[in-house]
Structure formats: structure tokens, C-alpha cells
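Listed here are the chains, written in short residue letters.
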Amino acid sequence: MSENTDIKLVEAPDGISGAGFFATSFEKVIGLARKHSLWPLPFATSCCGIEYMATMGSNYDISRFGSERPSFSPRQADILMVMGTIAKKMGPVVKQVYEQMAEPRWVIAVGACASSGGIFDTYSVLQGIDRVVPVDVYVPGCPPRPEQILDGLMRVQELAENESLRRRNSPEYQALLASYNIK
């Protein structure tokens, strides 16, 4: 029987190891768990949503990154993925969905429309969702390829792994939320 050496395991965080034990900080263990269990909430309104759907297929397989379960309930989601054109009337809905998500929460603006309004520089289109909610990662493109969406997800994984457990209680973070009128 041949041995398969192509399997890659998750790298252990920095710590002390010995015969039968491994010790590291609680913060690093939580970061590692968060990194590999992010549940996205897709808020898709147009063509970028189709590209997101492609990431769930066998060619791109978003489940490799621990995000195989899209959550359509904000209370069970970790990442708000806004994809497509957001009308100004939808801005309060995006904000309400964001407010219903539990901390820690991250936001990815997927595509030109969600990032900056795209080609729709009109009175009815929100010129970027960062006008209503704070955005952690921007994925460029019109529409972005599935590889780009996965790259955006991996950047959020890096944020989740390296974020301090106390960051969300910091005065800077509270000031950021206050600037968006989010409690």
C-alpha cells in the first residue's frame, strides 16, 4: 500500500511541546478554531452572486476553507459577504443584517458594485457598502473570479486567526462602530 504524502495538516500555533503534550496560549487556539470555521452569509443581488455560487462547486470547493455551510441567518454567520449592486433603499437592510450578527463578525465587499457602486454612478445606487457598514476585505472585479472570492475569504481567515480576543472591546473598535451609528 502506497503512502499518500500530499495531505497537508494545519500548522500548529507557536507553543511548547513535549512527550504527550502541547501547550500554547488560549488566544492562539481560539484564532486557529475561528480561522477554520467561518460561516458566510451571502447577500447577493447580481452577477457577483453567481461567481460566489461557483466557489461552492467541486472546481473551487469553498469547503476546503471551513466555509461549506452558508448561513442564511445572521445570528449564525461570521462573515457578511455583500455581492452585487446595493440600492440606497437596501442600505438599511444590509446594516440591520450586520447588526444582527454576533461578534466577532467580518464583512467582505465582493465586486466593483459592492465596493464602489461599480458602473452605476446614479442617485439610487449606494456607492460602496462601506457607507453603511465597516468593510474588512474588498474583492475587486466585475464580476470577480471565484479564485478572487476565495482569496478574499483567506484574507478574512488571516484576520480571524491573528485578531486579539480583546480587540472588539477596544475603544478604537467602539469608535469605528459609533462612526457608523452601530451599537
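In case you missed it, the structure is sitting above this.
Here is what the cut-offs are and how they apply
- Residues numbered from 1 in each chain as written.
- Predicted model: local features only at pLDDT ≥ 70, side-chain atom pairs only at ≥ 80, totals over all residues.
- Heavy atoms only, no water.
- Helix = DSSP H or I, 4+ residues; strand = E, 2+ residues; numbered from the N terminus.
- Buried < 20%, exposed > 50% of the residue type's maximum accessible area, 1.4 Å probe, protein only.
- Contact = heavy atoms within 4.5 Å.
- Areas by Shrake-Rupley, 256 points an atom, 1.4 Å probe, with all protein chains shown as cover.
- Lys, Arg positive; Asp, Glu negative; His and termini not counted.
- Charge placed at Lys NZ, Arg CZ, Asp CG, Glu CD.
- Salt bridge = Lys/Arg side-chain N within 4 Å of Asp/Glu carboxyl O.
- Pairing = 2+ DSSP bridges.
- Right-handed = clockwise from strand over helix to strand, strands pointing away.

S.K.: Would you mind going over the overall build of the protein with me for this structure?
M.R.: Across its full length, the protein holds 6 helices and 6 strands. In sequence order, the secondary structure elements of the protein are arranged as β-β-α-β-α-β-α-β-α-β-α-α. With respect to the three principal axes, the spread of C-alpha positions in the protein is 65 × 45 × 25 Å. Across the 183 residues that make up the protein, the buried fraction comes to 39%. A separation of at least 24 residues holds for 74% of the contacts in the protein among residues at least 6 apart in sequence. Accessible surface, the protein: about 10700 Å² in total, of which carbon and sulfur atoms supply 55%. For the protein, the distance from the average position of its 18 positive side-chain charges to the average position of its 20 negative side-chain charges is 8 Å.

S.K.: Looking at this model, I keep getting lost on the pattern of salt bridges. Mind explaining?
M.R.: Between side chains of opposite charge, a pair can form when the charged atoms approach closely. Overall, the coordinates contain 9 salt bridges when judged by the stated rule. Here Arg145 and Glu147 are joined by a salt bridge, their closest N and O atoms 3.4 Å apart. The exposure class of Glu147 is partly exposed, given its relative accessible area of 40%. Among the ionic contacts, a cluster of salt bridges with common partners joins Arg34, Glu103, Arg105, Glu163, Arg167 and Arg168.

S.K.: Any chance you could explain the pairing of strand S5 (residues 106-110) here in plain terms?
M.R.: Looking down a regular strand, the side chains alternate between one sheet face and the other. Judged by how many residues are buried, S5 sits mostly within the fold: 5 of 5 residues are covered. Side chains Trp106, Ile108 and Val110 project from S5 onto one buried face, and the interleaved Val107 and Ala109 project onto a second face that is buried too. Relative to S5, strand S4 (residues 79-83) runs parallel, the two being bridged by 5 bridges. For Met83, the partnering residue across the bridge sits in S5 and is Val110. Relative to strand S6 (residues 137-139), S5 is paired through 3 bridges, and the arrangement is parallel. Following the sheet pairing, Ile108 is matched in S6 by Val137. With respect to chirality, the unit in which S5 leads through helix H4 (residues 111-116) into the neighbouring parallel S6 is right-handed.

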